[in-house]
Structure formats: structure tokens, C-alpha cells
Number of protein chains: 2
Amino acid sequence: MAARAGVSIASASRVLNGIGGSAETVRKVRAAAAEVGYVPNAIARSLQSQRTGLVALAVADIGNPVYVAMMRAIEAVVASSGRQLLVHATGGEVASETALLRRLANRYVDGMIVSPIRITDEHLDAIVVSPVPVVVVGQLPADAPVDNVRTDSRSGVALAVDHLLAAGRQRIGFVNGPLDTVPGAARDAGFRAALTSHGIPVDERLIEVGDFQYAAGRAAAARLLARADPDALLCANDLIAVGALHALLTEERRVPQDVALVGMDDTELAQMAFPQLSSVSLGSATRGRRAAELLLERIADPDLPPRREHVAPSLAVRASSDLAGTASRAGMRIEQGGRAPEPSTQGRRR
Amino acid sequence: MAARAGVSIASASRVLNGIGGSAETVRKVRAAAAEVGYVPNAIARSLQSQRTGLVALAVADIGNPVYVAMMRAIEAVVASSGRQLLVHATGGEVASETALLRRLANRYVDGMIVSPIRITDEHLDAIVVSPVPVVVVGQLPADAPVDNVRTDSRSGVALAVDHLLAAGRQRIGFVNGPLDTVPGAARDAGFRAALTSHGIPVDERLIEVGDFQYAAGRAAAARLLARADPDALLCANDLIAVGALHALLTEERRVPQDVALVGMDDTELAQMAFPQLSSVSLGSATRGRRAAELLLERIADPDLPPRREHVAPSLAVRASSDLAGTASRAGMRIEQGGRAPEPSTQGRRR
């Protein structure tokens, strides 16, 4: 074929492997390839190696900053292995996620990381039969034989409630996302358990449910403020918290003097708000990095036993709930199980 | 193979095509396939159809909300064609983008949409020789034979300058991103041309350059405020504008009374800020939708002539620059070439 194209064998090989060649050389080689019926296709070669050089990540919403942090961490690990990352947005739809997982039968990637908002039996069935490795970020049944990285958002909620009570707040409101999602249900249970552990009765007027989005969070916070008088608001993610901040400032409530405010996920949004938002970190970047590392290890050695990793939450205290003025401008971080404040590296980064 | 697996031919076919089967059936068929050396691989089948069912999008930064709006619009069109979208994050590196483009020689997707921050000859060479269609979102040389969707950020900057001057502002500062990027250079030229067209001399103390990120924008705005006394700030994107808002509020400057503020890209961030930010829309969702439509048309008919589309900028006026109080709470929108305010549908959405 090189002779037919009038180019060197090395040139033809480079073109056919998609790694270079001048426009003119590429045209010549491609024409010669078409004449002889050659398919210039890495896909054909991957039939031998069974490696695509691609790793997929399936997340519900590529616009949510919590997934952005996770994606960036995953991409760094995947790139360091010489592979490329493909990102799928599933919209959080079970049908869309399970269709993707079933598509793995086609081996179009070397492995997949999936972070479903809900885990169903269909998810698990598709993962168990997949011929390529899958790592799940999120909650799984205890006996699922699947590589898994998780956090504990219930104890993350407790960190925030403890912090607000320690600062002297007595009427903590809670703005949550849908209760039929794994994070919504876990955060609701965590909020109720945290109050109960302090002997504080749960006041249903101080709990409001919306969606995990800015506009829904803003509307839900406004509904809560219209019927109750919280001196603190805990929000189930940072998008909700930014919406709640908007609702509070519109009503000229001072943050944190009148109402202290804490978000969750500790995304870039928390630091972009004014005042900067305290937020419970669920370690999304760390979870992403570990998930990618587990996946690469699994690709290298399919016979590893299933592994399960836990990333502990922490609380970044910033101006929106810093009533004692103890957090420096750089913020401080409260780790699970300890109350000792230490400087937040995330806060200092800016 | 169906007989060897002890299942029906229909079941075996479903499993091998990755479209279903119980876990037990899948295991049986897969074992039989391994015995006979069958490669259960859509990739093998794609050698016949030469269609992958995948469309790729390459953007610099999946965390920038302007790309999120574009991604969501592209994804909607791609999904409606029955294909799946793969997103690549390139970090804005020319080497990474051109490597992706060269990889198209492998036909791992049916087509690609790429939105480079800089366009080099290497980009164009790789696009021209690609065996699958490529659509570029962004500026291209006039004679490049490539499907293209673009906007005109220079005239977008002029919309903002005209608006601020009409509101009586006289010392408009400009916080830009790097001048060696296509958007940075175009916005710098647009700002200077807009002032000149009004007979206003350019004051270099009122121009500051950072990066297209929040933290860099905040630092750049602080530098500008330390040496000059603007009564308005125009920022080259919304991340910079949110950073500038932070710098202004930290110094207790009232927005818009002391300093009016306008961002660019009109992302969700603009509406999440308090006060909500005026912002120049460069139609990122519209550009994404049209790029995806052009790509699907090109996939269906490779012989179409190269097409070039233009999406006009507009200005969403919100509280951060609404000095006359003429924009309702829902905001108003100023289109290019006209000064007549009309309600902003984007503002009303929330």
C-alpha cells in the first residue's frame, strides 16, 4: 500500500495509525487504502489488543460543580495512564445509566466509573455481567461484588449541625433535595439523627424539600423563611446554599449575623459566594481520584477481590457561619471525629 | 454458539450485541463465546457499518459554565439522533487538541465538535485530513473549508460599553483574560474600538489582564481598584465578573451605585450572584445547538459544501448595572443593532 501511495512504509504506517503525516501524504495513503479495501481503523487493531485507550465516566449532571471537581480528579489519573477520558451525562435517569452499562458489552472503553444518584437492581445486574471493569462512586448494597468508593453524607450533616449548635444557634433550618434520591434520603436521615443526638426535637416547619439546583433551592429557602424563623440554614448542596443566600439577602437578612448558612459538597461555588460559604466537603476530588486508581488497578489485574473505600467528610468553615470570628480569612477545616480547627488548604488555595 | 451455551439463537444474539439478557444467560453465552474464540465486540461489527453511534465534543475546561451551557445544548441534539455524546477536556492545550483530532483517523466516533481557545495551522491540518466530520465552534481563517459556528465577541463588548455610557458612566474599567487567546485578543480590541467610537481616549490604568478564572479575576480587579477609580467594570467572562464582585464588596463599594458591573457569556453564574450580574450573551447554547445540527447534517451528507454560521451577541441587563431601574426584576435584553429593551426570557426562566 505504501508503494501504491508512493510514500515510505514508515509514512504509510504513521498515517494508518493516526499519528501523523502531512496533509498530502495522508491523502495519498488514504486513497491507496481505499483502493485496496484497507480499513484505516484503530478499532480493527483493538480486536487484537482488546484495549481502546479510553475510560468512561458517567455522571448525572455535567453542570453540577461537585461532578466537575470529581471529573477533573479522574481525568488527571486517567491521563497519567496514557488513556483518554470520555464523559457521559446521564441526566440521572436509571434507563440511561443502565443502557450505558449494558453497552459495555461492546467493549467500547477499557472501563467505566459511574456515579448514579440512585442504585437499582438493574444497575447491579448490568455491572456484574460487564466484560470490562466498572467502579461505582456512591452507596451500594453491602454484599455487591463491585469496586466502590463512598463517603458518609449522614456524618457530614452531623458535622454541620454540631458546628451550628456549638456556635449557639438554636433553630436550624434544613433545605434538602428530593427524598427519593440516595443523597436526599441520607441527608434527611442525617439531619434528624444529628438533632436527636443533641436532644433537640425535629420541627417540621424548619425542613423544606426542593431540588439539588440553584433556582429550586432559592424557592425552597424562600418558602421556609415565609413560615419559620431559623437562625441557621443547612443546605443539602452548594447550589441550594447559593439559592438560599440569594433568598436571605433579598429579604435583607444578614449572613451570618441573622442567619448562619452552611452548604454541602464544598465546591468552587462556596468560595465564589459573598460572603464565602461554609460547606461540608464530601471529598469529591478524593473520591474521583481513588475511583480512577481502583479502575486502573482492576484493568491491570482483573482477578483482584472487590474493594471498598471510604472517604471521610470534613467541614470547611468560612464567613457565612463564622459567628465567633475564629476562622481566619483562609477558613478552617473541621474533620470528622475531631473538633480541633486546622487551616483549610482549600481555603488557602485562593 | 447458541447451542454450546444452551440458549436460543435470539438470546445469544441479544447478548452478543449488548442489548440484554439475564445475568445467567449472559454468563453462558460469554463462556461459549470465549470457547470458540468469538469476540463479542460491537467494534468488530462497526468495521462493516463504519458507524460508532458516538459523537465527541472537545472543550478546554469542562468546569467553565459557558461550556456547560454549550454541552447541554449539544447533548440534546446528539441524543435526539440516537447517538451518545463523549466529552473530552483538553485543558486548552494545542498539543492535546490536535492529538484528539489526529485520533479521528481511527474513526472512534462518527464526528467531532471542537471549541479551541486558539486555532493553529496544526488544528486546521488535522481537521482537513480527518476521515470523519469536524465542526469548529469559534473563529477560523476566512478560507478554511470547515463547518463553523461563530459569534462576534467584539460587537458583544460594544453592546456593554454602549449600555454603560448610556447609563452615564464615564470611567469604564476592563478586566480581561490572556491577550494571546482568541477571546482575550478579540475582547481587548472590541473594548478599545468601542471607546474610540464614542470619542473616549483609552486609559491604560483602567485595563487589567488576568486569566479567565474566578480567583485570577478577583485578583486582577483588586489590582485595578488599587490604582484607578472606575465607576463601571466590564469583565471578559462571568467567572472574572464574580471575582470582581467579590473584590468590590470586600472594599465595600456598592454595586451598581458606586461601580456598575457587567460580565460576559451570560452563564448561570450571572444569575446566581447577588446582585444578579448583567452579562453579554455570546449565544453559547445556540452555538452548541447549531454546531450539533451542522455535524449531523454533515454525517448524513458528506458532500455538503462547508457552512459558516454566525450567532449575534445580546446583552442581558440585570441589577448589577441597572442604574436607571428600567430593567424589571426579570431583567431586559438588548440585541445587537437595536437599543429597544425587551424582556429577557433567560431572566424570566428563574
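Here goes a summary of the coordinates provided. Quantities reported herein were computed from a predicted structural model and do not represent experimental measurements.

### Regarding the overall build of chain A
Assigned secondary structure in chain A consists of 14 helices and 14 strands. For chain A, the proportion of its 350 residues judged to be buried stands at 57%. Within chain A, contacts between residues at least 6 apart in sequence are counted, and of these 66% link residues at least 24 apart. Summing over all exposed atoms, chain A offers an accessible surface of approximately 13600 Å²; the carbon and sulfur share of this is 52%.

### Section: helix H10 (residues 214-227) of chain B
Residue and element names in this part refer to chain B. Taking 1.5 Å as the rise per residue, H10 with 14 residues should run 20 Å; its terminal C-alpha atoms sit 21 Å apart, in good agreement. For H10, the set of buried residues is Tyr-214, Gly-217, Arg-218, Ala-220, Ala-221, Leu-224 and Leu-225. Around the axis of H10, the buried residues are gathered within 170° of arc, so they sit on the same side.

### Some remarks on the side chain of Thr98(B)
Tracing the backbone through its elements, the reader meets Thr98(B) in helix H6 (residues 94-103). When neighbours within four sequence positions are excluded, Thr98(B) is seen to be in contact with Glu122(B), His123(B) and Ala126(B).

### Considering the packing of H6(B) against helix H7 (residues 121-129) of chain B
Residue and element names in this part refer to chain B. Axis separation between H6 and H7 bottoms out at 9 Å; the angle between their running directions is 10°. Classified by the interaxial angle, the pair formed by H6 and H7 is roughly parallel. Contacts from Val-94, Glu-97, Thr-98, Leu-101 and Arg-102 of H6 reach H7 at Glu-122, His-123, Ala-126 and Ile-127. Among the residues forming the contact of H6 with H7, the class breakdown is 4 nonpolar, 2 polar and 3 charged.

### Concerning the pattern of salt bridges
Per the counting criterion, the structure on display carries 39 salt bridges over all chains. A salt bridge links Arg253(A) to Glu251(A); the shortest N-O distance between them is 3.3 Å. The exposure class of Arg253(A) is buried, given its relative accessible area of 18%. Given a relative accessible area of 38%, Glu251(A) falls into the partly exposed group. Its salt-bridge partner being Arg254(B), residue Asp258(B) comes within 2.9 Å of it at the nearest N-O pair. Judged by its relative accessible area of 29%, Asp258(B) is partly exposed. The class for Arg254(B) is partly exposed, based on a relative accessible area of 48%.

### A word on helix H9 (residues 182-197) of chain A
All names here are of chain A. Here H9 contains 16 residues, and its C-alpha end-to-end distance of 22 Å stays within 8% of the 22 Å for a straight helix at 1.5 Å per residue. Taken together, the buried positions of H9 are Gly-184, Ala-186, Arg-187, Asp-188, Gly-190, Phe-191, Ala-194 and Leu-195. Tucked into the core, H9 has its buried residues touching helix H8 (153-166), strand S6 (172-176), strand S7 (207-209), strand S8 (232-235) and strand S9 (260-264). Residue Thr-181 occupies the N-cap position of H9, its side-chain oxygen lying 3.0 Å from the main-chain nitrogen of Gly-184. Immediately downstream of H9, the backbone of Gly-199 shows phi near 75°, a positive value.

### Quick notes on the environment of Tyr67(B)
All names here are of chain B. You can see Tyr-67 is positioned in helix H5 (residues 65-80). Note on Tyr-67: relative accessible area 10%, which makes it buried. Along the chain, Tyr-67 and Ala-285 lie 218 residues apart, while their C-alpha atoms are 8.7 Å from each other. Filtering out sequence-adjacent residues up to four positions away, Tyr-67 remains in contact with Val-59, Ala-60, Asp-61, Ser-115 and Ile-117.

### Some thoughts on the packing of aromatic side chains
Residue and element names in this part refer to chain A. Counted according to the given criterion, the structure contains 2 aromatic pairs over all chains. With a centroid separation of 4.6 Å and 15° between ring planes, the pair formed by Phe-174 and Phe-191 is classed as stacked. With Phe-174 in strand S6 and Phe-191 in helix H9, the pair connects residues that are 17 residues apart, well separated along the chain. Summarising the burial analysis for this pair, Phe-174 and Phe-191 share the class buried. Its guanidinium or amino end placed over the ring of Tyr-108, Arg-103 lies 4.7 Å from that ring's centre, counting from NZ or CZ.

### Details of the pairing of strand S3 (residues 111-115) of chain A
Residue and element names in this part refer to chain A. Of all the 5 residues making up S3, 5 are buried; the element is thus mostly covered by neighbouring parts of the structure. Burial along S3 is two-sided: Gly-111, Ile-113 and Ser-115 facing one way and Met-112 and Val-114 facing the other are all buried. Strand direction decides the pairing type here: strand S1 (residues 54-59) and S3, joined by 5 bridges, are parallel. Residue Val-59 lies in a different strand from S3, and its bridge partner there is Ser-115. In this structure, S3 lies alongside strand S4 (residues 134-137), joined through 3 bridges in parallel fashion.

Each value, and the rule that gives it
Here, residues in each chain are numbered from 1, in the same order as that chain's written sequence. Starting at A for chains and at 1 for ligands, labels are handed out in the order in which the entities are written. pLDDT decides what is reported in this predicted model: residues at 70 or higher carry local features, side-chain atom pairs at 80 or more are listed and counted, and totals for whole chains, interfaces and linings draw on all residues regardless. Excluded from the side-chain calculations are hydrogens and water; all other atoms, namely the structure's heavy atoms, are used. Put simply, DSSP marks the helices as runs of H or I at least four residues long and the strands as runs of E at least two long, and each gets a number from the N terminus on. A 1.4 Å probe rolled over the protein chains alone gives each residue an accessible area, and that area as a share of the maximum for its type sets the label: buried under 20%, exposed over 50%, partly exposed in between. Whether two residues touch is decided by their heavy atoms; if any such pair falls within 4.5 Å, the residues are in contact. To measure how exposed things are, a 1.4 Å probe is used in the Shrake-Rupley method; for residues, cover is taken only from the protein chains shown. By this rule, a helix spans an expected 1.5 Å times one less than how many residues it contains. Directions drawn from the helix axis to the C-beta atoms are what define this arc. Fitted lines through C-alpha atoms give the axes, limited to the stretch in contact for helices. The angle between two N-to-C directions lies from 0 to 180 degrees. Orientation categories follow fixed angle ranges, with anything under 35 degrees roughly parallel, anything over 145 roughly antiparallel, 65 to 115 roughly perpendicular, and all other angles oblique. Gly is placed with the polar residues, together with every amino acid not listed as nonpolar (Ala, Val, Leu, Ile, Met, Phe, Trp, Tyr, Cys and Pro) or charged (Asp, Glu, Lys and Arg). A side-chain nitrogen of Lys or Arg and a carboxyl oxygen of Asp or Glu constitute a salt bridge if their distance falls within 4 Å. Under this definition, polar contacts are N or O atom pairs within 3.5 Å; protein pairs additionally need one hydrogen-donor-capable and one acceptor-capable atom, and for neighbouring residues in sequence, both atoms have to be side-chain atoms. Pairs were defined over the aromatic rings of Phe, Tyr and Trp, the Trp ring being its six-membered one, requiring ring centres within 6.5 Å. Orientation was assigned from the angle between planes: stacked under 30 degrees, edge-to-face over 60, tilted for the rest. Only lysine NZ and arginine CZ atoms are considered, and such an atom sits over a ring when it is within 6 Å of the ring centre and within 35 degrees of the ring normal. A pair of strands is treated as paired once DSSP finds two or more bridges between them.

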